[in-house]
Structures are given as structure tokens and as C-alpha cells.
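Listed here are the chains, written in short residue letters.
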Amino acid sequence: MFKQTQQHAGGVTEGTASEPAARMLLATAVRRGYTVEATPAGGALITWTRHLFGATDGAVVLATRSISLEPFTPVGALSGPTRDDLALIGGDRHAHYAEEDGRRVIAGPMWRIPAFATARLRARTLVVEDGDRVRLSLTARLGLLAQTHRTRTTEPEGFRRPSAGDPYGSAGLNRPGGRAGMLRDGSSWAVCSCGQLNGALGGTRDEARRLTREHRRAMTAQFVTEHLAPPTRATA
Ligand SMILES: [Zn+2]
């Protein structure tokens, strides 16, 4: 279950969304080209812009709208072993509950997750029962996605000496404090823990932050398109 908060013209509406409702909402948002970003807690933020006509002069006004989905049970930090367990469950259509010494375990044809770890995954609502099988909850999948794409930007270097091939030559401003001939370098690298952003350089740190944001949103849109849209039923 998610807490759903919607910002609209009349103010803010709060409600709840079941997992199927949240899937539908995300799929529709991506199909309409809205911006969707998964959160590390296992929720998502949907934003879009409305073109409104001004009440008096008819001028076009842009208004930002948003819907946030926050899981009732946040995913929290995912340790290596927990990620491994989630990968096993997520990668196997035959994951199911079995009994071992009177305790419940999650098992596949070739593997089983010990009872204590199974109990923890259940308590954190990282897994849900879907008919005969056990699968990852939407919260777990969104949290995994966001935690796979941890982004950062590097501190701009500041002043630097122009290199020999620099088109600006030694045109740097004549500043006091030994900065004569130095150029201001405000560029910043956008970096993601997935490694895909390597080599993305922003002219300013704000630009680098925009690159990281775009990357996280692109990854979320891809996930939604590949796994949530159109809403699928588990096939036997
Ligand atoms: Zn990434």
C-alpha cells in the first residue's frame, strides 16, 4: 500500500493506493510522457506541467502538478545478502512458499532462502504472495531501482591554468591572489553508481545535477515501460 498525495489546482488531496492502482498510475504517467522518478524508499514521484490560461488576460500559465506515492513500509537500506535474495526471487517465476522444519521459507526449483531471512523479507513487505508464487513487491522493485542508481555530481575544480591547446589562451581574468592567467572552470561530472553515466560532464554543477536527474528519470521510465506497462497478469 502507498500513501498517495496529489497536488492540483484546488490544493492537496491525500489518499491511499493499492499496488495494482500504483502500477496503473505509473504506467499511465509514463505513457503520457510525465516525469516519473523512483525513490530509494520504494515509492515514486510523478510530475507534469499543465498549460493554464490566465483568468484575466488569457496568457498561458504553466502550473506544475504532482502525485507522490510513498510506501507504508519504506524499503530501507538493502544489504548485499538481501539484494541477492531479492534477485533470486525476482528472477524465478517458480519462487514459492515451502515449509522447512515447520517454518516458512521461500524456495525455487534450485534454491531456498532460510526461514529467518524469509521472515525478514515478509516483515519488510519486500515480497508478496501472488497466487501460488512469491514475487517482489512493487515497493521492493522501486527501491532496488532507485538504490541501483545513486547519483552524485563532482565539486567543480574552480580556477585552473589554461592548457597549451586551450582556445582561450591566457585570457583568464587578471585577478589578485596569484590567479592571473587562470580560467574559471565550473564544470562538474555527473556520476551514477550503475556506471552508465560515466563521461557525462556538465558545464556547471547545476547542469550536472540536471544530467543525474534526467538519468534517474530515464531509468525509471524504462523500468515502468518494460515491467509495469501494460499491467500484466502472472502467467502460469
Ligand atoms: Zn544509473
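Predicted, not measured: the structure shown is a model, and the values here were computed from it.

Undergrad: Requested: an account of the sheet that holds strand β11 (residues 151-153), with residues and values cited.
TA: Backbone hydrogen bonds hold the strands of a sheet together, and the pairing may be parallel or antiparallel. Strand order in the open sheet formed by three strands is β11-β14-β15, and the pairing between neighbours is antiparallel. Edge positions in the sheet fall to β11 and β15 (200-202), since each has one partner strand and no second. Between one strand axis and the next, the sheet turns through 25° on average, direction left out of account. Relative to strand β14 (residues 188-192), β11 runs antiparallel, the two sharing three bridges. By the bridge assignment for β14, T153 is matched with A190.

Undergrad: Hey, could you go over the coordination of the zinc ion for me, with residue numbers and the actual values?
TA: Donor atoms from the polypeptide that bind the zinc ion are H149 (ND1), C192 (SG), C194 (SG) and H215 (NE2), placed at 2.0 to 2.2 Å. Given four donor atoms and angles of 105 to 116° at the metal, the environment of the zinc ion is assigned as tetrahedral. Accessibility expressed as a relative area gives 4% for C192, which makes it buried.

Undergrad: Go over the packing of helix α1 (residues 19-31) against helix α4 (residues 138-148) with me, naming the residues and quoting the values.
TA: In helix packing, the relevant descriptors are the interaxial angle and the interaxial distance, both defined with respect to the helix axes. Running from N to C, α1 and α4 point in directions that differ by 45°, and their axes come no closer than 10 Å. When the interaxial angle is binned, α1 and α4 end up oblique. Where α1 abuts α4, its residues E19, A22, R23 and L26 lie against L138, R141 and L142. Its residues assigned to classes, the contact of α1 with α4 shows four nonpolar, no polar and three charged.

Undergrad: Can you lay out the sheet that holds strand β6 (residues 96-100) for me, pointing to particular residues and giving the numbers?
TA: On the basis of which strands lie adjacent, the open sheet formed by three strands has the order β6-β7-β8 and antiparallel pairing. If you trace the sheet from one side to the other, it starts and ends with β6 and β8 (112-113), each paired once. Bridging between β6 and strand β7 (residues 103-107) involves five bridges; their strand directions are antiparallel. Bridge pairing in β7 places E100 opposite R103. Relative to β7, helix α3 (residues 115-123) is tilted by about 80°, and along the sheet it contacts β6, β7 and β8.

Undergrad: How would you sum up unusual backbone geometry? Please name residues and give values.
TA: Of note in the backbone geometry, D101 takes a positive phi value of approximately 55° without being a glycine. By relative accessible area, D101 is classed as exposed at 76%. Positive phi, close to 50°, is recorded for T125, a residue that is not glycine. Of note, T125 is situated in the loop between α3 and β9 (127-130). What makes T125 partly exposed here is its relative accessible area of 34%.

Undergrad: Account for the nonpolar core, naming residues and giving values.
TA: If you look at the biggest cluster of nonpolar residues, it comprises 20 residues, and the most contacted ones within it are L26, V36, I46 and L138. If you list the elements that add at least two residues to this core, you get α1, β3 (35-38), β4 (44-53), β5 (60-71), α4 and α5 (205-228). For this core, the two domains that each supply at least three residues are domain 1 (2-71) and domain 2 (80-147). Not counting residues up to four positions away in its chain, the partners in contact with L26 are V36, A44, I46, L69, L138, L142, V224 and L228. By size, the runner-up hydrophobic cluster in this structure holds 17 residues, among which are I89, I106, W111 and L144.

Undergrad: I'd like a rundown of the environment of L86, residues and numbers included.
TA: Within the secondary structure layout, L86 lies in helix α2 (residues 80-90). On the basis of relative accessibility, which here comes to 1%, the residue L86 falls in the buried class.

So, how was this worked out
- Residues numbered from 1 in each chain as written.
- Predicted model: local features only at pLDDT ≥ 70, side-chain atom pairs only at ≥ 80, totals over all residues.
- Heavy atoms only, no water.
- Pairing = 2+ DSSP bridges.
- Helix = DSSP H or I, 4+ residues; strand = E, 2+ residues; numbered from the N terminus.
- Axes fitted to C-alpha atoms, helices over the stretch in contact; angles between N-to-C directions.
- Donors = N, O, S within 2.8 Å, 3.2 Å for Na, K, Ca; no water.
- Tetrahedral: all angles 85-135°; square planar, octahedral: opposite > 155°, others 65-115°.
- Buried < 20%, exposed > 50% of the residue type's maximum accessible area, 1.4 Å probe, protein only.
- Parallel < 35°, antiparallel > 145°, perpendicular 65-115°, else oblique.
- Contact = heavy atoms within 4.5 Å.
- Nonpolar A, V, L, I, M, F, W, Y, C, P; charged D, E, K, R; others polar.
- Core = buried A, V, L, I, M, F, W, Y, C linked by side-chain atoms within 4.5 Å.
- Domains from an automatic or database assignment.

It is worth stressing that arrangement in space is one thing and function is another; only the former is reported here.
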